[in-house]
Amino acid sequence: MDSNYIKVFGGNSIEAQRVVLVLKENNIEPILKDETESARLAGFGTPLPELVEIFVNKDEEVRALAIITEIN
């Protein structure tokens with residue numbers, strides 16, 4: 001992952017999709033990292049099912065965390 005990005009969320013895919021949608025509505029372009037889907041497509045399992053991580057640019061971290069806190 002590019003060092004200009006920082007993790008702001010980790011959870012299941014349903015919660016992550018909601019967070020992505022709200023971030024995009026607020027002009028923040030998140031990056032979604034879905035280890036479960038990657039493992040499934042490769043034919044492997046994953047020890048942490050439904051773990052999805054969301055990363056944003058470090059410049060948008062404070063704003064993104066405030067938005068995520070507000071929707072939770």
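The coordinates are above.
Described below are features of the structure shown in this document. Computed from a predicted structure; not experimentally measured. Residue numbers here run from 1 along each chain, matching the order of that chain's written sequence. Local features in this predicted model are restricted to residues of pLDDT 70 or higher, and side-chain atom pairs are both shown and tallied only at a pLDDT of 80 or more, whereas totals for entire chains, interfaces and linings draw on every residue. Remark: hydrogens and water are excluded; side-chain values derive from all non-hydrogen atoms of the structure.

## Let's talk about the overall build of the protein chain
And step 1. Elements are defined by DSSP. Helices are runs of H or I of four residues or more, strands are runs of E of two residues or more, and each kind is numbered from the N terminus. Each helix and strand in the protein chain was counted, giving 3 helices and 3 strands.
And step 2. Written out in order from the N terminus, the α and β elements of the protein chain read β-α-β-α-β-α.
And step 3. Relative accessible area decides the class of each residue, using a 1.4 Å probe on protein chains only: under 20% of the type maximum gives buried, over 50% gives exposed, and in between gives partly exposed. In the protein chain, buried positions account for 29% of the 72 residues.
And step 4. A sequence separation of at least 24 residues applies to 69% of the contacts in the protein chain between residues at least 6 apart.
And step 5. Approximately 4900 Å² of the protein chain is accessible, and the part contributed by carbon and sulfur atoms is 52%. Residues are treated as being in contact if the distance between any of their heavy atoms lies within 4.5 Å. Each accessible area is a Shrake-Rupley result for a 1.4 Å probe, and residues are judged covered by the shown protein chains and nothing else.

## As for the environment of Val52
And step 1. Here Val52 is to be found in strand E3 (residues 52-57).
And step 2. Along the backbone, Val52 and Ile14 are 38 residues apart, and their C-alpha atoms lie at a distance of 9.2 Å.
And step 3. With residues up to four places along the chain from it excluded, the contact list for Val52 reads Phe9, Gly10, Gly11, Asn12, Ser13, Ala16, Leu32, Lys33 and Asp34.

## Side note on the sheet that holds strand E1 (residues 5-11)
Within a beta sheet, neighbouring strands are joined by backbone hydrogen bonds and run either parallel or antiparallel to one another.
And step 1. Two strands pair if DSSP finds at least two bridges between them. Read across the open sheet, the 3 strands follow the order E1-E3-E2; overall the sheet is antiparallel. Both edges of this open sheet fall to E1 and strand E2 (31-34), since each of them pairs with a single strand only. Adjacent strand axes in the sheet meet at a mean angle of 25°, parallel and antiparallel pairs treated alike.
And step 2. Axes here mean lines fitted to C-alpha atoms, for a helix over just the part in contact, with angles spanning 0 to 180 degrees between N-to-C directions. Relative to E3, helix H1 (residues 13-25) is tilted by about 20°, and along the sheet it contacts E1, E2 and E3.
And step 3. Along the sheet, helix H3 (residues 61-71) makes contact with E1 and E3, crossing E1 at roughly 15°.

## Considering H3
And step 1. Every buried residue of H3 is listed here: Ala64, Ile67, Ile68 and Ile71. Down the axis of H3, the buried set is contained in an arc of 100°. They therefore lie on one face. Facing away from the buried side of H3 by more than 90 degrees, the exposed set consists of Val62, Thr69 and Glu70.
And step 2. As for H3, its buried residues are in contact with E1, H1 and E3. By construction, the arc corresponds to the directions joining the helix axis to the C-beta atoms.

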